[in-house]
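# Remarks on the overall topology
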Amino acid sequence: MKTDAMTALRDAASNLGRGGKELTNALLYAALGVPTQDTAERDRIRKRCTMLVRSGELVRIAPGRYTYNFKATPAQTHIIAAQMWRAIRSAGPGFTVQEITRLSGANYNYATKYIRHLEGEGYILRHGRDGNVLKYRMSSKGRQARNAPLPSKPITDPFEDERRAVHELVGLFLLRDPYQPAVRERIVTASRTILERFEKEEDAS
């Protein structure tokens, strides 16, 4: 329930904070449907806001006043999960990771991990195969969850730096002149990023 409550707060904060709009505790209480007399729940919301300030998602500009930082890593993770969850809810039985990746624009590696999380928590169930590709359907628990269920720990891509280096290399070779000293230096730096990672992997094995 704590994770669901935090997800609902993130949804409210990100929706209200679009365009750099200022958020207040009062606005968040109203968006979450917390009545004036429920002081205990209001206290919990303020504590969750403090947690989001610590993670960088909320920027406190005064007591009880914030802006939402869409560039924070947890915020970006939440936005991607929300896009995937909308795609899953709109998909019929038999959807695949590939389909949800295409519909949501999520990274395939992230999508695979998020689908595993949803299956492990009972939000989706397996629904046969198409060759070697697993198919899924929404469970009754999933149908009841309006907000994107988030794992307790953020999903990260262990090869994020290396993927970025590969994209840079492709761009440098296709769009730039590798004979230029500055371009060559960037090629070497990106290549080292990839090489060092996989040399470490090999040494550890």
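As a reminder, the structure under discussion sits directly above these lines.
Let me sum up the structure you'll find in this document. (Residues numbered from 1 in each chain as written. Predicted model: local features only at pLDDT ≥ 70, side-chain atom pairs only at ≥ 80, totals over all residues. Heavy atoms only, no water.)

## Quick notes on the packing of aromatic side chains
Put simply, the rule reads: To pair, rings of Phe, Tyr and Trp, with the six-membered ring standing in for Trp, must have centres within 6.5 Å; the planes then decide the type, stacked if under 30 degrees apart, edge-to-face if over 60, and tilted in the middle. With a 1.4 Å probe rolled over the protein chains alone, any residue whose accessible area is under 20% of its type maximum counts as buried; one over 50% counts as exposed, and the rest are partly exposed. Only lysine NZ and arginine CZ atoms are considered, and such an atom sits over a ring when it is within 6 Å of the ring centre and within 35 degrees of the ring normal.
Applying the stated criterion across every chain, the model contains four aromatic pairs. Both rings, one in tyrosine 68 and one in phenylalanine 70, keep their centres 4.8 Å apart while their planes meet at 75°; by these two values the pair is edge-to-face. For tyrosine 68, a relative accessible area of 6% translates into the label buried. Geometry around tyrosine 123 places lysine 141 over its ring, the cationic atom sitting 4.6 Å from the centre.

## Some remarks on the nonpolar core
Heads up, the rule is: We call a set of buried residues a nonpolar core when its members are Ala, Val, Leu, Ile, Met, Phe, Trp, Tyr or Cys and they connect through side-chain atoms within 4.5 Å of each other. Per the convention used, a helix needs a DSSP run of H or I reaching at least four residues, while a strand needs a run of E reaching at least two, with both numbered from the N terminus. Two residues qualify as a contact provided that any one of their heavy atoms is within 4.5 Å of a heavy atom in the partner residue.
With 22 residues, the main nonpolar core has Met84, Trp85, Ile88, Phe95, Tyr114, Ile115 and Ile124 as its most contacted residues. Breaking this core down by element, the ones donating at least two residues are α4 (73-90), α5 (97-104), α6 (108-120) and β5 (133-138). In this view, isoleucine 124 contacts Ile88, Phe95, Ile115, Leu118, Glu119, Tyr136, Arg137, Met138 and Ser139; residues no more than four positions away in its chain are not counted. By size, the runner-up hydrophobic cluster in this structure holds 16 residues, among which are Ala12, Val34, Ile45 and Ala75.

## Some details on the packing of α5 against α6
Here is the rule we go by: To define axes, lines are fitted to C-alpha atoms, for helices over the stretch in contact only, and angles between the resulting N-to-C directions are given on a 0 to 180 degree scale. To sort the angles, those under 35 degrees are grouped as roughly parallel, those over 145 as roughly antiparallel, those from 65 to 115 as roughly perpendicular, and the leftovers as oblique. In this scheme the handedness of a crossing depends on how the near helix is turned from the far one: anticlockwise by less than a right angle means left-handed, clockwise means right-handed. Put simply, Ala, Val, Leu, Ile, Met, Phe, Trp, Tyr, Cys and Pro go in the nonpolar bin, Asp, Glu, Lys and Arg in the charged bin, and everything else, Gly too, in the polar bin.
The contact between α5 and α6 brings their axes to 9 Å, and the two run at 120°. When the axis of α5 is compared with that of α6, the two are oblique. In this structure, the crossing between α5 and α6 has a hand that is right-handed. In this structure, α5 uses Val97, Gln98 and Thr101 to contact α6, whose residues at the interface are Tyr108, Ala111, Thr112 and Ile115. Looking at the contact of α5 with α6, its residues break down into four nonpolar, three polar and no charged.

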